[in-house]
Number of protein chains: 2
Amino acid sequence: MKRMWFRLALASGLALGVLAQAYAEEGMWTFDNPPLKDLAAKYNFTPTQAWLDHLRLSSVRLNDGGSGSFVSPDGLLLTNHHVARLQLQKNSTAEHDYLRDGFYAATEDQEMKSPDLEINVLVGMKEVTERVESAAKGIADPAQALKARQAEMAAIEKESKDATGLRSDVISLYNDSEYWLYQYKAYTDVRLVFAPEEQAAFFGGDPDNFTYPRYDLDMALYRVYENGKPLHTENYLKWNSKGAAPGDLVFVSGNPGSTSRQETMAQLLVERDIVDPDFLELVERRIQAEQEFARQGAEQAQKVDSSIFFYQNDVKAIAGEQEALEDKGVIAKKQAEEDELRAKVAANPEWQREYGDAWDTIAQVEEQAKPELTRQIFRRSGSQLFSFALEIVQYVAEVKKPDGERLPEYHEAGLSSLRFQMLSPAPIYPDVEKLDMTTTLKLATEKLGASDAYVQALTQGGSIERAVDALVDGTKLYDPAVRKALLDGGEAAVAASTDPMIEAARRVDPIARAQYVYLRDHLESVLQLAEEKIGKARFAVYGKNAYPDATFTLRLSYGTVEGYPYNGTQAPPFTTFYGLFDRSAGFSNKSPWDLTPKEAAALGRLDLATPMNFVCSDDIIGGNSGSPVVDRNGDLVGLIFDGNIESLAGDFVYDPEKNRAVAVHAAAMMEALRKIYGADALADEIEGKQ
Amino acid sequence: MKRMWFRLALASGLALGVLAQAYAEEGMWTFDNPPLKDLAAKYNFTPTQAWLDHLRLSSVRLNDGGSGSFVSPDGLLLTNHHVARLQLQKNSTAEHDYLRDGFYAATEDQEMKSPDLEINVLVGMKEVTERVESAAKGIADPAQALKARQAEMAAIEKESKDATGLRSDVISLYNDSEYWLYQYKAYTDVRLVFAPEEQAAFFGGDPDNFTYPRYDLDMALYRVYENGKPLHTENYLKWNSKGAAPGDLVFVSGNPGSTSRQETMAQLLVERDIVDPDFLELVERRIQAEQEFARQGAEQAQKVDSSIFFYQNDVKAIAGEQEALEDKGVIAKKQAEEDELRAKVAANPEWQREYGDAWDTIAQVEEQAKPELTRQIFRRSGSQLFSFALEIVQYVAEVKKPDGERLPEYHEAGLSSLRFQMLSPAPIYPDVEKLDMTTTLKLATEKLGASDAYVQALTQGGSIERAVDALVDGTKLYDPAVRKALLDGGEAAVAASTDPMIEAARRVDPIARAQYVYLRDHLESVLQLAEEKIGKARFAVYGKNAYPDATFTLRLSYGTVEGYPYNGTQAPPFTTFYGLFDRSAGFSNKSPWDLTPKEAAALGRLDLATPMNFVCSDDIIGGNSGSPVVDRNGDLVGLIFDGNIESLAGDFVYDPEKNRAVAVHAAAMMEALRKIYGADALADEIEGKQ
């Protein structure tokens, strides 16, 4: 899944939007607007409100970038191994490589606390469009209007947080045509119960990533604790151990990260010609450096294994998107859609007056934005420590301001989640810090010139190597207590600090702020108004039979368990353990198609005909990793972990014939827990046999 | 494999040629010019003349359109099930469906004679270029020159046949730049020993056809008899039951049917725009009609099963070629090759004078040929009986002429093979005859108009249905004895015949002859001279480090057992029996992915890790079906049965990265014979354990 890319892409701050007409089974629907009409017409199925609420409350979002679901009344949480892998790595030591070897806590006291994992359950949703829009009413200047809206959003969030104690986010949907307050119950005591070996979860490695047929046990189980005890909840999904069958209607409930389906042609072309190639270069440079580093030894390899994993994932995802954007058919389809909407708008004088100029405005903004985008992509430090330092410097300054005037990351409602992350006890490795920082700053120098203000603020005219050594060797920010003391000491403590990272952050802060303000006031504010016009034009022309672009918030997708045309023939609806042994043997058990010792040893015990992975036509994207797949009864039949190679175009366009979500089958997870990992107690708990 | 297409394509009578520069592992080499330099350089391997001779003499060509090899000193002949399927069908009855159920003769007396199968072993090769070219020296008129060359070729064939008793063919290679006399030992007593069930041989059916990974037991074993006794021979391939391993150098010895790699751009575009679409329409129309017929019952289905099989094969092959020809990369590459050659020719005044006009000449001929090509494709009867009738009418007229003046099919040297086919006792079904004839003539009427002379000659102004009923119901040609009597009775008997098929053939004969003569004298003769110029230009520019286009004569390919990039990841070098059970289960054991009862029953006995199919980079094409794959020792390690979907472009271009031949693994054949079919005696004979 394209997790990292999702994170990076958010930084580029471009459009959200709404789709004109949904194709068969296309759509990432908000829970307030499920596609009831289509479901009734195509599947003769109408979920009740209780069905929808139960599924929503059983679904979770992980701050590591994925999704998950509760699967027992005692807080068991199912997600992907690749969503859990950052926590696995953070908990690993030279003695215990949990990422490589897996983990199983047979009893509660063996369960392993995650250093900085927060999970969110969406407990409340309320539309606040009128209030947000009223705040900017009558303000002609786009920059001032945007500020006013942001201040109002912060106020709504704070009110909610104060009143309920819940994490409260105001999000915009449908090209900023709607604003919603989403309230989350947050949990931060999340302990690992089970993870298979990385090789079992990620059989086929980077080559098989984003493809199907697959044979992966990409699962992990956490237990969520509250007040030091396992969470007791009624909101969990019953496990259907028979799992999904071909032709079944199945739903996916999860948090797709970001899509660009509503972007205009001008935006797509900037994505294709500027953003994607720049990101690819950045990520490929980092992979190259880290792979070289990993070759130095097992200890080094362990430190960068996950990082390389996510970067390779990004490369494949971005390359797939690029391919889609270079496909004449895709471009022609997008152009035709845009032409149709514009023609319908133009045919109605009132619409034309209200919305008609939006496309040209966006094209102008995109043209203006080009150098800024490149600057934004390459102005990175590559250092976790420096990120902490900059957050500390900004944090102490921002929290003194009225909530509505702060930088968006420091709104009151989000502070506790932010602090949780900033104070993570997860280890930070000096050698990796130096490696990534040097690589990233060298690339920044190549791309932006040695005289770039950001680069200069870090290097102060010296060599990159010398500056990086001084920063990484001199800082004390490795220790979360040091970070906490600075946060708690406020502006005075930060101003007085002689920590070299903090000093560097103080130099970078004004540059970062200036860039943010320029983007916000000159580009984003204009863009947002224009996008809102297009969103409204769509509502006017097509009505609200549509879903908004993905925003890493909870969505419902539906579809059918079914194969698709591939490789000149058909891909099967599901694979089996037979296939795992076939593909491994076909490559002579060579990496990345080697069996783990536990898998090999289980051969005689396994029922090889057990379904292992399957595909369904549900519309998903990066961020959906770990989402539950449920049947009509709302019971769990599978676990999303990937999309097929054809789904990489899904950022822009959903192809009902070939776009497929890839999931671990419920039966495979039971078979593996019992017969490969001897985790019968855990399997019993999940199947309600305790 | 594209067998039928190969047959149809031959009818369109277009170019042969020579490749400029061979890419890595590209090439279908004649046994007189093996790629010794490349083999030594890349694999450090130099086959001896004895190695080459043994492989050539162990290889056979089947007149059913495929290839094969001797695998025991007692005449056991290995080929594909799909090469044997016509004979299986011809031997089947309402009681015994050998195609569906398979066949195994545990003892020699149970072996089942094939009605009309002839196999040829290439025992002699001799270049005769000078003699053929001398015959036309000084003749300015292209049509007269062609006639002179054809007469000389017939004379050479007859001399050889008279002197040796061998089947003797003069073939042209390298765009008619070389002529060779090929002498074959022919065998016509060929008995079936073993065939698996069609479903085991063709697991995955039409969808999986031309794809990989595959799980097919596409094998059959015949025994060749001479004078009523099993042929005793030293020329057979030793069986290597370990089979091919990844990275191995492997050779394929077989008879690729036809390639168009040396065609000019003008020719390729006519192929793309006229020939391929017309053939597709013809074949799709026939499939539609036969599938409708098959739905009427099991008996009907059995009669057209093979025909549908070959037609579907054609559709997939032609569609794949079309896709290649519509691929801008392929077209650009071909254009660049042509541009380079033309530029080099133009840069040398002598070459330019000799060869420079050839490309434009070909473009003019192709333009002229367009309506003729369409006419040739749709002027078909669709009736086996009518084909016999026309052959009889032409045969009795032609054999009276001097050999050199006959239509090419009736040259003395080929008569015994032709008569063997014409007198086949294989059953002909009136209902299928009517169906195919009606379908074909209706399409001819649509395409050429009801007033087309060929259509008129068959329908005589009446309805197609009435004409077909009269012909098929009235003829006695079902009986091979009736055909023989007419052949032996000569012109008088044929002229006196009132058999309606013979009468129709007498009406069609002058039309067919006129068309042949027009094509030969006005198009083919000019084309051949121009192609010969291009062939000579290539020799002049690039030397003879090249192989000729395929001509359904024996060729040697070499390559490596290796996977290739597919579906966003890698295809494995080989598959295993595990994969058979995986793919079947993944489709819930539904057709065409259902296991046969014998396969299912063997599950407990089979070693599932046994390699089943594998891929190698050897350059092959339709006609290579059934070719042996041999290792450095010349031992048999596999059996070619298909190419991957990427190889469908192989008619025009070989892509070393993705073009792969697909073979049944030697270990799988032994495992299946012993554990699925209980054919231990046969397996022992093959492994030399008797």
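Parameters and conventions
Residues numbered from 1 in each chain as written. Chains lettered and ligands numbered in written order. Predicted model: local features only at pLDDT ≥ 70, side-chain atom pairs only at ≥ 80, totals over all residues. Helix = DSSP H or I, 4+ residues; strand = E, 2+ residues; numbered from the N terminus. Rg over C-alpha atoms; globule rule 2.2 N^0.38 Å. Buried ≥ 20, exposed ≤ 12 C-beta atoms within 10 Å, placed from the backbone. Contact = placed C-beta atoms within 7 Å. Nonpolar A, V, L, I, M, F, W, Y, C, P; charged D, E, K, R; others polar. Core = buried A, V, L, I, M, F, W, Y, C linked by C-beta atoms within 7 Å. Least-squares fit on C-alpha atoms with pLDDT ≥ 70 in both. Pairing = 2+ DSSP bridges. Domains from an automatic or database assignment. Axes fitted to C-alpha atoms, helices over the stretch in contact; angles between N-to-C directions. Parallel < 35°, antiparallel > 145°, perpendicular 65-115°, else oblique. Left-handed = near helix turned anticlockwise from the far one by under 90°.

## Concerning the overall build of chain A
Next up, step 1: Looking only at helices and strands, chain A features 25 helices and 20 strands.
Next up, step 2: On C-alpha atoms alone, chain A measures out to a radius of gyration of 25 Å, which is about the 26 Å that the 2.2 N^0.38 rule sets for 690 residues.
Next up, step 3: Once the C-alpha set of chain A is aligned to its principal axes, its extents read approximately 70 × 65 × 50 Å.
Next up, step 4: Across the 690 residues that make up chain A, the buried fraction comes to 52%.
Next up, step 5: Residue pairs in contact within chain A that sit at least 24 positions apart in sequence constitute 80% of those at least 6 positions apart.

## As for the interface of chain B and chain A
Next up, step 1: Taken together, the contact pairs 27 residues of chain B with 27 residues of chain A.
Next up, step 2: Among the elements of the structure, helix 9 (205-208), strand 15 (569-571), strand 16 (574-576) and helix 22 (577-586) of chain B are those that each provide at least two residues to the side of chain B that touches chain A.
Next up, step 3: Element by element, the count of residues in the side of chain B that touches chain A is highest for helix 22 of chain B, at 7 residues.
Next up, step 4: Taken together, the residues that form the side of chain B that touches chain A break down as 13 nonpolar, 11 polar and 3 charged.

## A look at the nonpolar core
Next up, step 1: Among the nonpolar cores identified, the biggest contains 220 residues, and Val629(A), Ala663(A), Val629(B) and Ala663(B) are the most heavily contacted of them.
Next up, step 2: Not counting residues up to four positions away in its chain, the partners in contact with Ala663(A) are Asn613(A), Phe614(A), Cys616(A), Val629(A), Gly638(A), Leu639(A), Ile640(A) and Phe641(A).
Next up, step 3: The next biggest cluster of nonpolar side chains, apart from the first, holds 65 residues, and it includes Leu385(A), Leu390(A), Ala505(A) and Phe652(A).

## Observations regarding the relation of the copies chain B and chain A
Next up, step 1: For the match of chain B to chain A, the screw axis carries a shift of 0.1 Å, the RMSD comes to 0.1 Å, and the turn is 180°. The superposition of one copy onto the other is thereby described by a two-fold rotation axis.
Next up, step 2: Interface overlap between copies is the fraction of interface residues in one copy that are interface residues in the other; for chain B against chain A it reaches 100%, indicating a shared surface.

## Let's talk about the pairing of strand 9 (residues 189-195) of chain B
All names here are of chain B.
Next up, step 1: In terms of residue burial, strand 9 counts as a mostly covered element, since 6 of its 7 residues are buried.
Next up, step 2: When strand 4 (residues 103-104) meets strand 9, the two strands line up antiparallel, connected through 2 bridges. Paired with Phe 103 across the strands is Ala 195, a residue of strand 9.
Next up, step 3: Relative to strand 9, strand 5 (residues 112-113) is paired through 2 bridges, and the arrangement is antiparallel.

## Considering the domain arrangement of chain A
Residue and element names in this part refer to chain A.
Next up, step 1: Along its sequence, chain A is carved into domain 1 (3-118 + 188-261 + 549-686) and domain 2 (265-539).
Next up, step 2: The gap between the C-alpha centroids of domain 1 and domain 2 is 28 Å.
Next up, step 3: If you look at the interface, domain 1 gives 36 residues, while domain 2 gives 43 residues.
Next up, step 4: When contributions to the side of domain 1 that touches domain 2 are tallied by element, the ones reaching two or more residues are helix 1 (3-11) and helix 4 (81-91).
Next up, step 5: No other element matches the 5 residues that helix 1 contributes to the side of domain 1 that touches domain 2.

## Details of the sheet that holds strand 12 (residues 249-254) of chain A
Residue and element names in this part refer to chain A.
Next up, step 1: Across the sheet, 7 strands lie side by side as 13-12-18-19-20-17-16; this open sheet has antiparallel pairing. Taken across any chain shown, the strands that pair with only one partner, and hence form the sheet edges, are strand 13 (555-560) and strand 16 (574-576). Strand-to-strand twist in this sheet, taken as the mean axis angle between neighbours without regard to direction, amounts to 30°.
Next up, step 2: Strand direction decides the pairing type here: strand 19 (residues 636-643) and strand 20 (residues 661-665), joined by 5 bridges, are antiparallel. Note that in strand 20 the partner of Ile 640 across the bridge is Ala 663.
Next up, step 3: Contacts from helix 24 (residues 666-676) reach strand 17 (611-616), strand 19 and strand 20 within the one sheet, and its direction differs from that of strand 20 by about 40°.

## Regarding helix 22 of chain B
Next up, step 1: Most of helix 22 of chain B sits inside the fold, with 10 of its 10 residues counted as buried.
Next up, step 2: Along helix 22 of chain B, the residues classified as buried are Phe577(B), Tyr578(B), Gly579(B), Leu580(B), Phe581(B), Asp582(B), Arg583(B), Ser584(B), Ala585(B) and Gly586(B).
Next up, step 3: The secondary structure elements touched by the buried residues of helix 22 of chain B are strand 16 and helix 22 (577-586) of chain A together with strand 16 and strand 17 (611-616) of chain B.
Next up, step 4: Downstream of helix 22 of chain B by a residue or two, Ser588(B) has a phi angle that is positive, lying close to 55°.

## So, the sheet that holds strand 13 (residues 555-560) of chain B
Residues and elements named next belong to chain B.
Next up, step 1: Read across the open sheet, the 7 strands follow the order 13-12-18-19-20-17-16; overall the sheet is antiparallel. A single partner strand is all that each edge strand has here, and the edge strands are strand 13 and strand 16. Taking each pair of neighbouring strands and ignoring which way they run, the sheet shows an average axis angle of 30°.
Next up, step 2: Sheet analysis places strand 12 (residues 249-254) next to strand 13, joined by 6 bridges and oriented antiparallel. The residue of strand 13 that forms the bridge with Ser 253 is Leu 556.

## Notes on the packing of helix 14 (residues 358-378) of chain B against helix 21 (residues 500-542) of chain B
All names here are of chain B.
Next up, step 1: Contact geometry for helix 14 and helix 21: axes closest at 9 Å, N-to-C directions at 150°. Judged by the inter-axis angle, helix 14 sits roughly antiparallel to helix 21. Remark: the crossing between helix 14 and helix 21 carries left-handed chirality. Note on element contacts: helix 21 touches helix 14 through Leu 519, Leu 523, Val 526, Leu 527, Ala 530, Lys 533 and Ile 534, opposite Ala 358, Thr 361, Ile 362, Val 365, Gln 368, Ala 369 and Glu 372.
Next up, step 2: A class-by-class count of the residues in the contact of helix 14 with helix 21 yields 10 nonpolar, 2 polar and 2 charged.

## Looking at unusual backbone geometry
Next up, step 1: In this chain, Ser591(A) is followed by Pro592(A) through a cis amide linkage whose omega measures 0°.
Next up, step 2: Relative to the helices and strands, Pro592(A) is located in the loop between helix 22 and helix 23 (597-601).
Next up, step 3: For the bond from Tyr212(B) to Pro213(B), the omega torsion is 0°, close enough to zero to count as cis.
Next up, step 4: Here Pro213(B) shows up in the loop between helix 9 and strand 10 (220-226).
Next up, step 5: Look at Tyr174(A): it is not a glycine, yet its phi comes out positive at around 50°.

## Remarks on the environment of Leu57(A)
Residue and element names in this part refer to chain A.
Next up, step 1: Tracing the backbone through its elements, the reader meets Leu 57 in helix 3 (residues 49-58).
Next up, step 2: You can call Leu 57 partly exposed: it has 17 C-beta atoms within 10 Å.
Next up, step 3: The spatial distance from the C-alpha of Leu 57 to the C-alpha of Asn 348 is 43 Å, given a sequence separation of 291 residues.

## Remarks on the pairing of strand 10 of chain B
All names here are of chain B.
Next up, step 1: Burial analysis of strand 10 places 5 of its 7 residues in the buried class, the great majority of the element.
Next up, step 2: Both strand 3 (residues 76-79) and strand 10 contribute to a ladder of 4 bridges, which runs antiparallel. Residue pairing for strand 10: Leu 76 is matched across the bridge by Arg 223.
Next up, step 3: As paired elements, strand 9 and strand 10 share 5 bridges and run antiparallel to each other. In the sheet register, Asp 189 faces strand 10, and the bridge partner there is Tyr 225.

## Here's the deal with the packing of helix 10 (residues 265-294) of chain A against helix 14 (residues 358-378) of chain A
Residues and elements named next belong to chain A.
Next up, step 1: Here helix 10 crosses helix 14 at 5°, and the two axes come no closer than 10 Å. Between helix 10 and helix 14, the interaxial angle falls into the category roughly parallel. Along its contact with helix 10, which presents Ala 266, Gln 267, Val 270, Ile 274, Val 275, Asp 278, Phe 279 and Leu 282, the element helix 14 presents Ile 362, Ala 363, Glu 366, Lys 370, Leu 373, Thr 374, Ile 377 and Phe 378.
Next up, step 2: Tallied by class, residues from the contact of helix 10 with helix 14 come to 11 nonpolar, 2 polar and 3 charged.

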